[in-house]
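Structural description and commentary
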Amino acid sequence: MVNSTPAKRHRYPGRLVFLLGVGLPLVGIITYAVQLGRGRLATPWHMAIDSTLAVGLLAVAFWQARKVWRALAFILVLLLAGAEWTFLVGTRLPAYSGPVAAGKALPAFSTSQADGTPFTQRDLVGSQNNVLVFFRGRW
Amino acid sequence: MMELVQLEKRHEDFARRNSRVIVASMEGLEDAQRTQEKFPHLLVLADSGRGLSEAIGLIDYHAAPGGGDADTPTTIVVDRDGVVRWLFRPSEVISRLSPDDVLKAVDQSIPADVN
């Protein structure tokens, strides 16, 4: 007679992998929020990378235990990763190809200050250096 | 607008470098005035007539909500003689330079004015 102990089965196989898969996208979002809070406005590639890794982890977790909620988490994170990549890649800008170049004067222009006072390239010449920052707007 | 908040907070660092920060968008006078009130140490330009954006080639067509045009986020350092010393355009529209990045660019492109 062979006296053997049956292998102990995990009640929740792949649970750690599942939790990592759910947590990674949250870490990405929180990291980006902290980054913005610290005034770092760099592109959050890490967020999309985190979500992509999470998709892989959730696929493994689903493979280990085919539960409905694991499938739902996989689909949600897959959609999140897709949205993040689409947004980041879709917001790429072409390289600047206009007339401005280092070592040359700015082209002649005419615009106005917020109070309506005219402002031209001649107003950039004087005692101060200038940093021109173009932004999208108040929206 | 977050970059404007950051630049306003660091206005003294720009002043120490004898540099003025000018912020421009294609919005009209009313919006520009509100921006000016919010950021008193920045010089706000209202370029709704596109005199500046077209001359420099910065218009991002149909980029604004509702399909309107907007300026492409760009930073240009110009010395006191009106000569361009440095130009930066981010590779993604949501990316912006931090004030430290801009100050570093000023230091490196116009080193004589660092105090």
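Residues numbered from 1 in each chain as written. Chains lettered and ligands numbered in written order. Predicted model: local features only at pLDDT ≥ 70, side-chain atom pairs only at ≥ 80, totals over all residues.

Attention now goes to the overall build of chain B. When helices and strands are tallied, chain B shows five helices and six strands. Counting from the amino terminus, helix and strand elements in chain B follow one another as α-α-β-α-β-α-β-β-β-β-α. Scaling as 2.2 N^0.38, a compact globule of 115 residues should have a C-alpha radius of gyration of about 13 Å, and chain B matches this with 14 Å. In terms of overall dimensions, chain B has C-alpha extents of about 45 × 30 × 25 Å along its principal axes. The proportion of buried residues among the 115 residues of chain B is 39%. Relative to all contacts within chain B whose residues are 6 or more apart in sequence, the contacts with residues 24 or more apart total 36%. (Helix = DSSP H or I, 4+ residues; strand = E, 2+ residues; numbered from the N terminus. Rg over C-alpha atoms; globule rule 2.2 N^0.38 Å. Buried ≥ 20, exposed ≤ 12 C-beta atoms within 10 Å, placed from the backbone. Contact = placed C-beta atoms within 7 Å.)

With that out of the way, let us pick up the sheet that holds strand E1 (residues 19-25) of chain B. Ordered by their spatial adjacency, seven strands build an open sheet running E2(A)-E1(A)-E2(B)-E1(B)-E3(A)-E5(B)-E6(B), and the pairing between neighbours is mixed. At either margin of the open sheet sits one strand with a lone partner, and together these are strand E2 (118-120) of chain A together with strand E6 (84-88) of chain B. When strand polarity is set aside, the average angle formed by the axes of neighbouring strands in this sheet is 30°. Looking at chain direction, strand E1 (residues 110-113) of chain A and strand E2 (residues 43-46) of chain B are connected through two bridges and run antiparallel. Bridging across to E2 of chain B, Ser112 of chain A finds its partner in Ala46 of chain B. (Pairing = 2+ DSSP bridges. Axes fitted to C-alpha atoms, helices over the stretch in contact; angles between N-to-C directions.)

Residues and elements named next belong to chain A. Here helix H1 (residues 15-37) is 23 residues long and its end C-alpha atoms lie 33 Å apart, about the 33 Å a rise of 1.5 Å per residue gives. Three or more residues of H1 are buried, namely Val17, Phe18, Gly21, Leu24, Pro25 and Gly28. The inward-facing, buried residues of H1 contact helix H2 (45-64) and helix H3 (68-90). Two residues or fewer after H1 comes Gly39, characterised by a positive phi angle close to 80°. (Expected span 1.5 Å × (residues − 1).)

Each partner contributes residues to the interface: chain A has 47 residues there, and chain B has 68 residues. Looking at the side of chain A that touches chain B, the elements that each hand over two or more residues are E1 and strand E3 (129-134) of chain A. Looking at the side of chain A that touches chain B element by element, the count peaks at six residues for E3 of chain A. Classifying every residue of the side of chain A that touches chain B by side-chain character gives 25 nonpolar, 17 polar and five charged. Two elements, E3 of chain A and strand E5 (residues 74-78) of chain B, share five bridges in a ladder whose sense is antiparallel. If you follow Asn130 of chain A over to E5 of chain B, its bridge partner there is Val78 of chain B. (Nonpolar A, V, L, I, M, F, W, Y, C, P; charged D, E, K, R; others polar.)

Here the focus is the confidence of the model for chain B. Averaged over chain B, the pLDDT score is 89; the fraction of residues at 70 or greater is 97%. Among the prediction metrics, the complex's ipTM stands at 0.92, with pTM recorded as 0.79. (pLDDT = per-residue confidence, 0-100.)

Bringing the nonpolar core into the picture now. In this structure, Val131, Leu132 and Val133 of chain A together with Val21, Ile22, Val23 and Leu45 of chain B are the most contacted members of the largest nonpolar core, which totals 35 residues. When contributions to this core are tallied by element, the ones reaching two or more residues are E3 of chain A together with helix H1 (2-9), E1, E2, helix H4 (51-56), E5 and helix H5 (99-109) of chain B. Excluding residues that lie within four positions of it along the chain, Val21 of chain B makes contacts with Val131 and Val133 of chain A together with Leu7, His11, Phe14 and Leu42 of chain B. Residues Met47, Val55, Phe62 and Val77 of chain A belong to the second largest nonpolar core, which totals 16 residues. (Core = buried A, V, L, I, M, F, W, Y, C linked by C-beta atoms within 7 Å.)

What follows concerns unusual backbone geometry. Residue and element names in this part refer to chain B. Even without being glycine, Asn18 reaches a positive phi, approximately 55°. Position of Asn18 relative to the elements: it lies in the loop between helix H2 (11-16) and E1. The backbone of Arg50 sits at a positive phi, close to 65°, despite the residue not being glycine. Structurally, Arg50 can be placed in the loop between E2 and H4.

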